[in-house]
Amino acid sequence: MGAEQIVMTREGYDKLKVDLDRMQNVEMIEIAKRIATAREMGDLSENAEYHAAREDQGMLKARIDALKDKLAHAFIVDKSTLPTDQVVFGSKVKVYDLKFKETEEFELVGPGEEDYDNNKILASSPMGQALMGKKVGDTAQFQAPAGVMKYEIKAIR
């Protein structure tokens, strides 16, 4: 069995493609220039800039490979075809926090689209997994750093 599919929207996929393009065609070239400049300085055994640039190159290559793998396993979801009566990938969910007595709204998104400042959470996160499949009136419960969280589903759109 190969790697699992990674569910994402077209927007998320396109954003990751832009990131990959930048890493391959801008950042990699900058690092190559740093390596070439450092090589010209002579003795590589004691050349800290050369070793730092080579290390950066290795880390960037690993990030590029991971992103290529993620894109290769992408499964693009058309949000317009998803059910609206239960929480699914792409849903916007209004919840009532039973612990803190407040209402919040979250959107369940794929890799590259998460934005915690704007309540866009990964569908694969503990919270996302707890909300998945729930209907209005259901309670979702999950373990968070702040303890066990309980949300009552108020609306799905």
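Everything here concerns the structure above.
As the structure is a computational prediction, the values presented were derived from the model and not from experiment.

Reading guide: rules and limits
- Residues numbered from 1 in each chain as written.
- Predicted model: local features only at pLDDT ≥ 70, side-chain atom pairs only at ≥ 80, totals over all residues.
- Heavy atoms only, no water.
- Helix = DSSP H or I, 4+ residues; strand = E, 2+ residues; numbered from the N terminus.
- Rg over C-alpha atoms; globule rule 2.2 N^0.38 Å.
- Contact = heavy atoms within 4.5 Å.
- Areas by Shrake-Rupley, 256 points an atom, 1.4 Å probe, with all protein chains shown as cover.
- Lys, Arg positive; Asp, Glu negative; His and termini not counted.
- Charge placed at Lys NZ, Arg CZ, Asp CG, Glu CD.
- Buried < 20%, exposed > 50% of the residue type's maximum accessible area, 1.4 Å probe, protein only.
- Polar contact = N/O pair within 3.5 Å; in protein donor to acceptor, adjacent residues only side chain to side chain.
- Core = buried A, V, L, I, M, F, W, Y, C linked by side-chain atoms within 4.5 Å.
- Pairing = 2+ DSSP bridges.
- Axes fitted to C-alpha atoms, helices over the stretch in contact; angles between N-to-C directions.
- Expected span 1.5 Å × (residues − 1).

Draft legend 1. Seen up close, the overall build of the chain. Counting its regular elements, the chain contains 3 helices and 7 strands. The globule rule puts the C-alpha radius of gyration for 157 residues at 15 Å, and the 21 Å found for the chain is more than 25% above it. With the principal axes as the frame, the chain shows a C-alpha extent of 70 × 35 × 30 Å. Taking all contacts inside the chain whose residues are at least 6 apart in sequence as the whole, residues at least 24 apart take part in 51%. Counting only carbon and sulfur atoms, one obtains 52% of the accessible surface of the chain, whose full area is about 9600 Å². Computed over 23 positive and 28 negative side-chain charges, the separation of the two mean positions in the chain equals 4 Å.

Draft legend 2. Structural view of the side chain of T9. Checked against the element boundaries, T9 lands in the loop between strand 1 (6-8) and helix 1 (10-40). Residue classification places T9 among the buried residues on the basis of a relative accessible area of 3%. Reaching out from T9, the side chain makes a polar contact with the backbone nitrogen of G12 at a distance of 3.1 Å. One polar contact links T9 to E113, side chain to side chain, over a distance of 2.6 Å. Those residues within four positions of T9 in sequence are excluded, and the remaining contacts are I76, V77, K79, F89 and E113.

Draft legend 3. Representation of the nonpolar core in the model. Residues V95, L108, M127, L131, F142, Y151 and I153 are the most contacted members of the largest nonpolar core, which totals 19 residues. Put simply, the parts of the chain that give this core at least two residues each are strand 3 (92-97), strand 4 (102-109), helix 3 (126-131), strand 6 (139-144) and strand 7 (147-156). Here this core gets 4 residues from one element, more than from any other, and that element is strand 7. Those residues in contact with M127, other than ones at most four positions away along the chain, are F106, I121, F142 and Y151. Within the second largest apolar cluster, 15 residues are counted, among which are Y50, A53, L67 and L71.

Draft legend 4. Local environment of the sheet that holds strand 3. Spatially, the 5 strands line up as an open sheet ordered 5-4-3-7-6, and their pairing is mixed. Since the sheet does not close on itself, it has two edges, and those belong to strand 5 (120-122) and strand 6, each with one partner. The sheet shows a mean angle of 45° between the axes of neighbouring strands, taken without regard to direction. Note that strand 4 and strand 5 share 3 bridges and pair parallel. Of the residues in strand 5, the one forming a bridge with L108 is I121.

Draft legend 5. Molecular detail of helix 2 (residues 48-72). Its 25 residues give helix 2 an end-to-end C-alpha distance of 36 Å, which sits within 8% of 36 Å, the value for a rise of 1.5 Å per residue. Buried residues along helix 2 sit against helix 1 and strand 2 (74-76). Capping the start of helix 2 is the job of one residue whose side-chain oxygen sits 3.2 Å from the backbone nitrogen of E49: N47.

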